[in-house]
Amino acid sequence: MSNPSYFDVAMGELGQREVVGPEHNPRILKYHQHTSLKAQDDETPWCASFVNWCLEEACCEGTHSALARSFVSWGYAVPLGDIRVGDIVIFSRTKPWQGHVGFVDDWTENDVRVLGGNQSNAVSLKWYPFSRLVGIRRPK
């Protein structure tokens, strides 16, 4: 099975990162334009902006929200036993409304490697524990 086209779009963005100081990465500003927030800096959390941009670049409707948890009710719910590369994973953070969102790249019994934006201020691959998982979604 081949990867979803939006996953390939995301993979092509690996290495995009925030600019330290008063300047902003124009690519991250472009991601932000795919949400209703339309943030004008690269310090505003941008994981959901990145996912929305990737989806829309591949002609798939996103949530248009800058909130990671907006993806909890998007698309179809996927059971953990059916996880695939390219699925969208949503994780909890400190506060109930906070979260993180990205694309599944790989997984083990306890962890999932996420291709996502705003991971250490960059588009990168990073491991997260399944214990923080809020949901797994796939486009309709």
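For the structure itself, consult the block above.
We now turn to the structure provided with this report. Just so it is clear, the model here is predicted, and its values are computed rather than measured. (Residues numbered from 1 in each chain as written. Predicted model: local features only at pLDDT ≥ 70, side-chain atom pairs only at ≥ 80, totals over all residues. Heavy atoms only, no water.)

Considerations on the environment of D87
Part 1 of the argument: Relative to the elements of secondary structure, D87 occurs in the loop between β1 (76-77) and β2 (88-92).
Part 2 of the argument: Under the relative-accessibility criterion, D87 is labelled buried at 2%.
Part 3 of the argument: Distance in space between the C-alpha atoms of D87 and P4 is 8.7 Å, their sequence separation being 83 residues.
Part 4 of the argument: In this view, D87 contacts V78, D82, G102, F103, V104, I136, R137 and R138; residues no more than four positions away in its chain are not counted.
Part 5 of the argument: Among the polar contacts made by the side chain of D87, one reaches the main-chain amide nitrogen of R84 at a distance of 2.8 Å.
Part 6 of the argument: A polar contact of 2.7 Å, which involves the side chain of D87, links it to the side chain of R138. (Helix = DSSP H or I, 4+ residues; strand = E, 2+ residues; numbered from the N terminus. Buried < 20%, exposed > 50% of the residue type's maximum accessible area, 1.4 Å probe, protein only. Contact = heavy atoms within 4.5 Å. Polar contact = N/O pair within 3.5 Å; in protein donor to acceptor, adjacent residues only side chain to side chain.)

Examining the layout of surface pockets
Part 1 of the argument: Empty space within the largest pocket amounts to approximately 360 Å³.
Part 2 of the argument: Around the largest pocket sit 18 residues that line it, and P45, C47, R93, G99 and N118 are the ones nearest its centre.
Part 3 of the argument: Among the elements of the structure, β3 (99-107), β4 (111-119) and β5 (122-129) are those that each provide at least two residues to the lining of the largest pocket.
Part 4 of the argument: Across the lining of the largest pocket, the residue classes tally to eight nonpolar, seven polar and three charged. (1 Å grid on protein atoms, 1.4 Å probe; cavity = no way out; pocket = protein on both sides within 12 Å on 5 of 7 lines; lining within 4 Å. Points joined across faces, edges and corners; volume = space filled by probe spheres on them. Nonpolar A, V, L, I, M, F, W, Y, C, P; charged D, E, K, R; others polar.)

Section: the environment of V89
Part 1 of the argument: With respect to the element layout, V89 can be found in strand β2.
Part 2 of the argument: Those residues within four positions of V89 in sequence are excluded, and the remaining contacts are H100, V101, G102, V104, V114, L133, G135 and I136.

Looking at the pattern of salt bridges
Part 1 of the argument: The full count for this structure, using the stated rule, is five salt bridges.
Part 2 of the argument: Of the charged contacts, one joins E13 and R27 as a salt bridge, the two residues approaching to 2.9 Å between their closest N and O atoms. Here E13, found in the loop between α1 (5-11) and α2 (26-32), pairs with R27, found in helix α2; they are 14 residues apart in sequence, far enough to count as distant.
Part 3 of the argument: Assessed through its relative accessible area of 27%, R27 is described here as partly exposed.
Part 4 of the argument: A salt bridge links D105 to R113, with the nearest nitrogen and oxygen atoms 2.6 Å apart.
Part 5 of the argument: D105 gets classed as buried once you look at its relative accessible area, which sits at 13%.
Part 6 of the argument: A relative accessible area of 25% means that R113 is categorised as partly exposed. (Salt bridge = Lys/Arg side-chain N within 4 Å of Asp/Glu carboxyl O.)

Things to note about the nonpolar core
Part 1 of the argument: Core analysis: the largest hydrophobic core is formed by 23 residues, its most contacted members being F50, L55, F71, I88, V101 and F103.
Part 2 of the argument: Looking at this core, the elements with two or more residues in it are α1, α2, α3 (47-57), β2 and β3.
Part 3 of the argument: By residue number, the principal contributor to this core is α3, which donates seven residues.
Part 4 of the argument: In this structure, V78, V89, F91 and F130 belong to the second largest nonpolar core, which totals ten residues. (Core = buried A, V, L, I, M, F, W, Y, C linked by side-chain atoms within 4.5 Å.)

A short note on the sheet that holds β2
Part 1 of the argument: Strand order in the open sheet made by the six strands is β1-β6-β2-β3-β4-β5, with antiparallel pairing throughout. On the outer flanks of this sheet lie β1 and β5, each paired with one strand and no other.
Part 2 of the argument: Pairing between β2 and β3: five bridges, direction antiparallel. Pairing of I90 across the sheet is with V101, part of β3.
Part 3 of the argument: Running at roughly 55 degrees to β3, α3 makes contact with β2, β3, β4 and β5 of the sheet. (Pairing = 2+ DSSP bridges. Axes fitted to C-alpha atoms, helices over the stretch in contact; angles between N-to-C directions.)

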